[in-house]
There are 2 protein chains.
Amino acid sequence: MTYTAEIIAVGTELLLGGIANTDAQDVSRSLSELGINVFFHTVVGDNPRRMKQAVKIAKSRADIIITTGGLGPTFDDVTKETLAEAFGKKLITNEAEADKIRSFFEKRLPHMKMTENNLRQAELPEGCIVFDNGVGTAPGCAFEAEGKHVIMLPGPPRECRAMLKSCVVPYLKKLSKAEIHSHNIHIFGLGESAVEEKLRPIMECMKNPSLAPYAKDGEVMLRLTAKAASKHEAEEMMSPILEQVCNMLGDIIYGIDTDSLENTVIGLLKEKKQTLATAESCTGGLLSKRLTDIPGASKVYIGGIVAYNEKSKVELLGVDEKLINKYGAVSREVALAMATAVRSKLDADIGVGITGIAGPDSDSSGQEPGTVFIAVSTREADICNQLKLYYDRERIRIGASLNALDMIRRLLK
Amino acid sequence: MTYTAEIIAVGTELLLGGIANTDAQDVSRSLSELGINVFFHTVVGDNPRRMKQAVKIAKSRADIIITTGGLGPTFDDVTKETLAEAFGKKLITNEAEADKIRSFFEKRLPHMKMTENNLRQAELPEGCIVFDNGVGTAPGCAFEAEGKHVIMLPGPPRECRAMLKSCVVPYLKKLSKAEIHSHNIHIFGLGESAVEEKLRPIMECMKNPSLAPYAKDGEVMLRLTAKAASKHEAEEMMSPILEQVCNMLGDIIYGIDTDSLENTVIGLLKEKKQTLATAESCTGGLLSKRLTDIPGASKVYIGGIVAYNEKSKVELLGVDEKLINKYGAVSREVALAMATAVRSKLDADIGVGITGIAGPDSDSSGQEPGTVFIAVSTREADICNQLKLYYDRERIRIGASLNALDMIRRLLK
């Protein structure tokens with residue numbers, strides 16, 4: 001049997017937009033790994049009437065109800081009361097938990113007086129399994145009633161995450177026979193709808209494994225997911241499809257189960273024992289920032305120059321002023337000169353030069369925002385691509401840095 | 001009348017836990033500022049049947065239904081069909097939007113073939129108001145039917161946020177007689193709970209105007225909001241409180257109604273006619289990336305050097321190798337040498353040097369991740385601060401770049 005779950009996050013702060021519902025994300029991820037379908041998230045405020053309504057709806061459409069939040073000691077914490085009532089259970093003070101709370105106040109907060117409402121945290125539905133809160137005071141719990149599983153978790157993300165891992169996952173593993181495994185296929189150089197168009201023939205007739213595209217910041221990710229009795233079996237189901245997708249998409253796939261294009265580039269540089277230096281104008285340090293996001297980048301990334309105006313191109317990089325005057329700062333010639341200069345200045349194997357207009361305004365030469373030249377220089381050869389990027393300053397800069405990373409990747413392959 | 005709203009976020013990726021529902025957070029915050037109550041968030045997958053169910057429930061309990069996501073070109077984008085059907089509307093191709101999509105492909109992606117499904121994005125409910133998508137291709141829309149307001153927004157957070165600000169807030173403002181105005185007070189150098197502690201005496205007795213703190217990426221923002229019959233009246237209500245808050249918090253306030261610390265710094269540099277150059281080690285270009293995020297930065301920001309390993313500190317910056325050997329690359333002496341070197345190399349008024357350990361590993365000298373030295377050098381004097389930053393690589397790098405910006409700001413004040 002495949003279980004379906006609904007996550008109810010309780011807290012007015014979520015409805016005011018003060019915080020994002022990361023608890024639901026964390027719980028969802030764990031459930032998806034367990035092969036449990038999550039069909040709905042609901043967020044409701046600290047309001048008994050509306051909470052009751054949310055629980056009633058969830059009860060009608062899910063096998064497992066997981067709540068986050070509303071377990072605290074104050075009068076507006078209504079989760080336990082509402083769930084207990086919905087399933088005809090009484091709340092009973094759990095003496096072990098009450099003792100823990102008393103001793104917490106005695107030992108850690110001797111200057112604060114424990115108030116009676118602190119003990120409300122020890123009241124739990126009769127017959128439930130208590131989930132110990134390793135990083136906070138409110139315990140969580142689980143019970144089974146009317147064929148449903150009800151699980152209550154604390155709201156603070158650290159507490160929720162810790163309890164999820166140590167208590168909820170083991171509890172839910174017992175319910176399910178099947179395992180879910182997946183692979184992420186990372187793509188650069190083709191849009192989401194074009195990727196889908198290419199793969200539609202195989203996607204349409206798939207159910208298990210399934211294949212779904214996601215677009216993010218100029219890249220596309222395909223997630224291949226299989227549900228099976230074991231990891232081995234899931235891998236066997238995915239393997240031919242993974243091969244087929246790789247054959248169909250070819251070298252626009254920059255990695256499988258990797259983190260990012262910069263991660264792939266740093267990995268390739270290490271593997272090929274090559275070093276890299278960068279010279280950036282319009283991206284203003286974004287490329288070097290991305291490369292140095294990766295721990296251990298210093299082994300292969302030597303450093304870079306942000307030559308943000310003409311003066312710095314001449315003085316820091318030693319680009320010939322005449323070249324800039326003749327072709328303009330945003331030109332193939334200057335991009336190539338920047339790449340070559342930074343490579344030789346830092347004695348790197350590969351030099352990258354980026355010059356362009358990020359906008360919103362055009363430059364003095366009348367070039368449009370989005371015009372970007374990216375050059376890659378090695379001891380053997382130099383190449384330069386001219387790009388036309390779109391939308392706004394941020395997207396143009398992100399696009400330029402991704403294209404530069406992809407050029408380095410293709411060079412190293 | 002006080003309106004109540006429900007936000008329905010559409011996307012299987014949210015239910016799999018791949019991303020957090022930040023769209024609902026952004027929409028909630030805007031609605032709360034407009035005085036509209038949000039009672040529920042719902043998240044549903046790209047599934048027509050369950051989407052229909054979610055819409056039916058929302059229709060029964062909210063005056064305003066706002067959806068995010070599911071407006072894309074692929075067959076699993078079901079938002080428009082479901083909402084149109086729920087309110088008895090037809091979907092009609094909007095020729096102006098279809099032309100935009102065609103011209104987008106012709107002009108910007110001539111090497112890519114536009115597929116028919118791309119035109120699905122131009123199909124909109126009859127009689128709706130079209131919301132232009134300034135940063136993507138899928139338009140949003142709004143219509144009124146059966147006494148309800150329905151608003152559909154794109155899923156990608158950047159697109160959702162932009163449309164929220166430029167289209168949704170003006171649309172919703174017309175529903176309410178009262179006007180809502182606010183000021184954002186930006187703070188660096190004190191945590192959220194410390195700010196709240198300081199201001200609690202005045203916050204507690206306030207209702208209109210209201211004052212609420214938000215923490216984000218190492219900064220705190222206070223939002224002061226007033227509801228009144230006119231802008232003038234709202235400003236008169238806020239003015240004494242704004243003055244009181246400024247007096248209480250002093251120079252940890254870096255700006256009011258500004259975008260970011262880097263924006264404040266670029267503004268001050270322009271105002272004081274000073275130029276800036278940067279030399280970065282552990283931040284790896286993040287500081288120069290932030291500075292060049294601001295359009296027009298090239299007038300005052302000359303450029304920078306990312307000296308990511310010792311070799312580049314010596315070769316690009318000309319830092320004395322003996323200094324590095326004697327004090328270590330992560331030291332007060334090297335930070336000061338970096339700041340001075342980049343200032344004189346680029347003939348700037350102000351030079352900044354950052355060296356530290358971003359982690360996750362310690363360096364060879366045994367220094368702990370989070371140890372960071374930031375130096376600021378001018379023709380008159382040099383200063384250097386030693387910081388101990390916490391959490392992970394990303395937070396340490398963000399914290400170092402913010403502290404550097406704040407040091408420049410304080411110097412220029």
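Residues numbered from 1 in each chain as written. Chains lettered and ligands numbered in written order. Predicted model: local features only at pLDDT ≥ 70, side-chain atom pairs only at ≥ 80, totals over all residues. Heavy atoms only, no water.

K.L.:
In this structure, what is going on with the overall build of chain A? I would like to understand it.
P.N.:
If you tally the helices and strands in chain A, you get 14 helices and 17 strands. A compact globule built from 413 residues should have a C-alpha radius of gyration of about 22 Å, whereas chain A, at 28 Å, is more than 25% larger. Viewed in the frame of its principal axes, chain A has a C-alpha envelope of about 85 × 60 × 40 Å. In chain A, which comprises 413 residues, the proportion classed as buried is 56%. Of the accessible surface of chain A, which amounts to about 17700 Å², a share of 50% is contributed by carbon and sulfur atoms. Side-chain charges in chain A split into 51 positive and 55 negative, and the spacing between the mean points of these groups amounts to 1 Å. (Helix = DSSP H or I, 4+ residues; strand = E, 2+ residues; numbered from the N terminus. Rg over C-alpha atoms; globule rule 2.2 N^0.38 Å. Buried < 20%, exposed > 50% of the residue type's maximum accessible area, 1.4 Å probe, protein only. Areas by Shrake-Rupley, 256 points an atom, 1.4 Å probe, with all protein chains shown as cover. Lys, Arg positive; Asp, Glu negative; His and termini not counted. Charge placed at Lys NZ, Arg CZ, Asp CG, Glu CD.)

K.L.:
Looking at this model, I keep getting lost on the sheet that holds strand E11 (residues 219-228) of chain A. Mind explaining?
P.N.:
Each strand in a sheet pairs with another by means of backbone hydrogen bonds, the pair being arranged parallel or else antiparallel. All names here are of chain A. The sheet built from four strands is open, its strands ordered E10-E11-E9-E12 with antiparallel pairing. In this open sheet, the two strands that pair with only one neighbour each are strand E10 (210-216) and strand E12 (253-256). Strand after strand, the sheet turns through a mean of 25° between neighbouring axes, direction not considered. Examined bridge by bridge, E10 and E11 share seven bridges and lie antiparallel to one another. Residue Ser210 lies in a different strand from E11, and its bridge partner there is Thr225. Lying over the sheet, helix H8 (residues 231-249) contacts strand E9 (179-187), E10, E11 and E12, oriented at roughly 150° with respect to E11. (Pairing = 2+ DSSP bridges. Axes fitted to C-alpha atoms, helices over the stretch in contact; angles between N-to-C directions. Contact = heavy atoms within 4.5 Å.)

K.L.:
Just checking my understanding: could you explain the confidence of the model for chain A for this structure?
P.N.:
Atomic detail in the predicted coordinates should be set aside for any region of low pLDDT. Residues and elements named next belong to chain A. When pLDDT is averaged across chain A, the result is 91; 98% of the residues are at 70 or more. Mean pLDDT values over the elements of chain A span from 82, in E10, up to 98, in strand E3 (residues 64-68). The ipTM assigned to the predicted complex is 0.77, against a pTM of 0.78. (pLDDT = per-residue confidence, 0-100.)

K.L.:
Can you walk me through the sheet that holds strand E7 (residues 140-145) of chain A in this structure?
P.N.:
Here 12 strands make up an open sheet; going across it, the order is E6(A)-E7(A)-E8(A)-E3(A)-E1(A)-E2(A)-E2(B)-E1(B)-E3(B)-E8(B)-E7(B)-E6(B) and the pairing mixed. Because the sheet does not close on itself, it has two edges, and the strands there are strand E6 (129-131) of chain A together with strand E6 (129-131) of chain B. When strand polarity is set aside, the average angle formed by the axes of neighbouring strands in this sheet is 15°. As paired strands, E6 of chain B and strand E7 (residues 140-145) of chain B are joined by three bridges and run antiparallel to one another. Residue pairing for E7 of chain B: Ile129 of chain B is matched across the bridge by Ala142 of chain B.

K.L.:
When you look at the interface of chain A and chain B in this model, what are you seeing that I'm missing?
P.N.:
Interfaces are often sized by the amount of accessible area the parts lose when they come together. Listed as interface residues are 70 residues of chain A and, on the opposing side, 73 residues of chain B. Here chain A packs against chain B, burying approximately 6000 Å² in sum over the two surfaces, 56% of which is carbon and sulfur. Scanning the region where chain A abuts chain B turns up six salt bridges. Residue Arg158 of chain B pairs with Glu394 of chain A through a salt bridge whose shortest N-O separation is 3.5 Å. Taken together, chain A and chain B are joined by 40 residue pairs in polar contact (both at pLDDT 80 or more). A per-class count over the side of chain A that touches chain B returns 29 nonpolar, 23 polar and 18 charged. With five bridges joining them, strand E2 (residues 37-44) of chain A and strand E2 (residues 37-44) of chain B adopt antiparallel strand pairing. Paired with Val43 of chain A across the two strands is His41 of chain B, which belongs to E2 of chain B. (Buried area = accessible area lost by both parts, 1.4 Å probe. Salt bridge = Lys/Arg side-chain N within 4 Å of Asp/Glu carboxyl O. Polar contact = N/O pair within 3.5 Å; in protein donor to acceptor, adjacent residues only side chain to side chain. Nonpolar A, V, L, I, M, F, W, Y, C, P; charged D, E, K, R; others polar.)

K.L.:
Which parts of the structure should I look at to understand helix H5 (residues 95-108) of chain B?
P.N.:
Along an α-helix, residues three or four positions apart point the same way, because every turn accommodates 3.6 residues. Residue and element names in this part refer to chain B. Here H5 spans 19 Å end to end across 14 residues, near enough to the 20 Å set by a 1.5 Å rise per residue. Within H5, burial applies to Glu97, Ala98, Ile101, Phe104 and Phe105. In a view along the axis of H5, the buried residues occupy a sector of 120°, so they form one face of it. In H5, the exposed residues that point more than 90 degrees away from the buried face are Glu106 and Lys107. Among the structural elements, strand E4 (91-93), strand E5 (123-125) and E6 are those in contact with the buried residues of H5. Regarding H5, its N-cap is Asn94, as a side-chain oxygen of that residue lies 3.1 Å from the backbone nitrogen of Ala96 further along. (Expected span 1.5 Å × (residues − 1). Arc of directions from axis to C-beta.)

K.L.:
Looking at this structure, I do not really get the packing of helix H9 (residues 261-271) of chain A against helix H14 (residues 393-412) of chain A. What am I missing?
P.N.:
Residues and elements named next belong to chain A. At a minimum axis separation of 9 Å, H9 and H14 run at an interaxial angle of 30°. It follows that H9 is roughly parallel to H14 by the angle criterion. The handedness of the crossing between H9 and H14 is left-handed. Contacts between H9 and H14 pair Leu261, Glu262, Thr264, Val265, Leu268 and Leu269 from the former with Leu402, Leu405, Asp406, Ile408, Arg409 and Leu412 from the latter. Looking at the contact of H9 with H14, its residues break down into eight nonpolar, one polar and three charged. (Parallel < 35°, antiparallel > 145°, perpendicular 65-115°, else oblique. Left-handed = near helix turned anticlockwise from the far one by under 90°.)

K.L.:
Honestly, the packing of aromatic side chains in this entry has me stumped. Any pointers?
P.N.:
What describes a pair of aromatic rings is the distance from one ring centre to the other and the angle between the planes of the rings. Counting across every chain of the model gives six aromatic pairs over all chains. Here Tyr301 of chain A and Tyr308 of chain B contribute two aromatic rings whose centre-to-centre distance is 6.1 Å and whose plane-to-plane angle is 50°, an arrangement assigned as tilted. One end of the pair, Tyr301 of chain A, is in strand E14 (residues 301-307); the other, Tyr308 of chain B, is in the loop between strand E14 (301-307) and helix H11 (310-315), on a second chain. Comparing Tyr301 of chain A with Tyr308 of chain B, the two get one shared label, buried. (Phe/Tyr/Trp six-rings, centres within 6.5 Å; stacked < 30°, edge-to-face > 60°.)

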